[in-house]
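Working through the structure, step by step
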Amino acid sequence: MIIPKLKRNIKRIIPFGFIWLMFGLIFLFIEHSATKDFDYTVNGVIKLDYRVVLFALPVVTIVGLIIGIIELLFINRLFSKNSFLFKIIGKLIIYSLFLFIIICFTYPVAASIELKTNIFDKKVWSKFTEFLNSISFLSTSFQMTVSLIFALFYNEISEKVGSNAFLNFIVGKYHKPKLESRIFMFLDMKSSTTIAEKIGHLEYFNLLKDYYNIISDAVINYSGEIYQYVGDEMVVSWKTSNSKTDNNCIHCFFKMKHDLQKQKKKFIDKFNEHPTFKAGIHFGEVTTGEIGKIKKDIVFTGDTLNTTARIQSLCNEFSADLLISENLLNILDLDTDFSAIFLVNQKLRGKEKSIDLYTIEKKPVANKELS
């Protein structure tokens, strides 16, 4: 079984290969259509036949996938604190060097296929020299630059709106509203107003960035989707089909607490404060769809979200870091790591019926660390 973090990375990398393949096909078609009726051939150009095409298209796709891997695992971190424009320019410079190296490897192979000789033949390298000094090299560089820019824009946009949300926009999954069963976690930082007053709003913003960066790893590891940030509150969602047996929402909560506790000293040293949080989790049916005219977004609506927010608001009243509804408890199969403790039958504000609320405790296990 593929772990969620690896699965997420694979889903983000595959579109790079698709984008490069798509533009490769487009440019091959344009080049063939523009030159098929002319006998004149620019020096260094490799004549297209089925052998060259069968070599070129997989290579183009692999190059796109390699760029996706480099982008997501290495380069993106390098430019994580820079502006969007600086990111694009900086990445274009780095990838231009990378793509030139790719050309130096792939062109001689393609030339040897066209000339039906081995890669070390002088004719191959003579043709390569002609290619580097021809308009064809500029054309190839332009094609690669276009593919690269679209791939980088895809990555930046998917990071801004979320890769799942971006894909759903593209395929129009929620163009028409749909009913879905989902789990929601409303997570709120404790004493956030007091912390902001103590350290100042600018430092508080930096603390909030570090706080979200740390707890977001648990969301990735347990297949959650970050629905939205509202100040110091984060809303996480799971499709119930992905959470019934794995208890992802429960594991995610305790993983967040564990990760924050590990970083306690760093927070104290940097901000003289250590953020903690409380959360409410509930399950139910919501309507999911695109909304907005000036700015479109995919939103969830329904009583489930209101109920989850009200459950979370009761954490302080019952001195609990985590409150879950009986509705949610009924669809989970808690393993030996957790135990559910009944707290109260509570009538929520604006509701006619009361609801049973539970808290979850993690059973201590010797020498076992959170995954």
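Look above for the structure.
In this report, the structure presented in the accompanying data block is examined.

Conventions adopted
Once a new chain begins, its residue numbering starts again from 1 and follows that chain's sequence as written. Given that the model is predicted, a residue must reach a pLDDT of at least 70 before its local features are reported, and side-chain atom pairs must reach 80 or more before they are shown or counted; all residues, however, enter totals for whole chains, interfaces and linings. Excluding hydrogens and water, the side-chain values take into account all heavy atoms of the structure. Numbering of helices and strands runs from the N terminus, with a helix taken as a DSSP run of H or I at least four residues long and a strand as a DSSP run of E at least two residues long. The buried label goes to any residue with under 20% of its type's maximum accessible area, the exposed label to any with over 50%, and the partly exposed label to all in between, with areas taken from a 1.4 Å probe on protein chains only. Here, a strand pair is defined by DSSP locating no fewer than two bridges between the strands. Here, a salt bridge means any side-chain nitrogen of Lys or Arg that lies within 4 Å of a carboxyl oxygen of Asp or Glu.

Quick word on the environment of D121
Along the chain, the position of D121 falls in the loop between α3 (84-115) and α4 (122-132). Separated by 13 residues in the primary sequence, D121 and P108 place their C-alpha atoms 9.6 Å from one another.

Some points on the pairing of strand β6 (residues 322-325)
Neither face of β6 is open: one carries L322 and I324, the other L323 and S325, and all of them are buried. Looking at chain direction, strand β4 (residues 277-291) and β6 are connected through 3 bridges and run parallel. Each residue of the ladder has a partner; that of A279, found in β6, is L322. For β6 and strand β8 (residues 354-362), the ladder comprises 2 bridges, and the chain directions are antiparallel. In the strand pairing of β8, S325 is matched with L357.

Observations regarding the pattern of salt bridges
In total, this model carries 11 salt bridges according to the counting rule given. Residue E114 pairs with K127 through a salt bridge whose shortest N-O separation is 3.6 Å. One end of the pair, E114, is in helix α3; the other, K127, is in helix α4, with 13 residues separating them in the sequence. The class of K127 is buried, set by a relative accessible area of 13%. Linked by salt bridges that have partners in common, E180, R182 and E225 make up one network.

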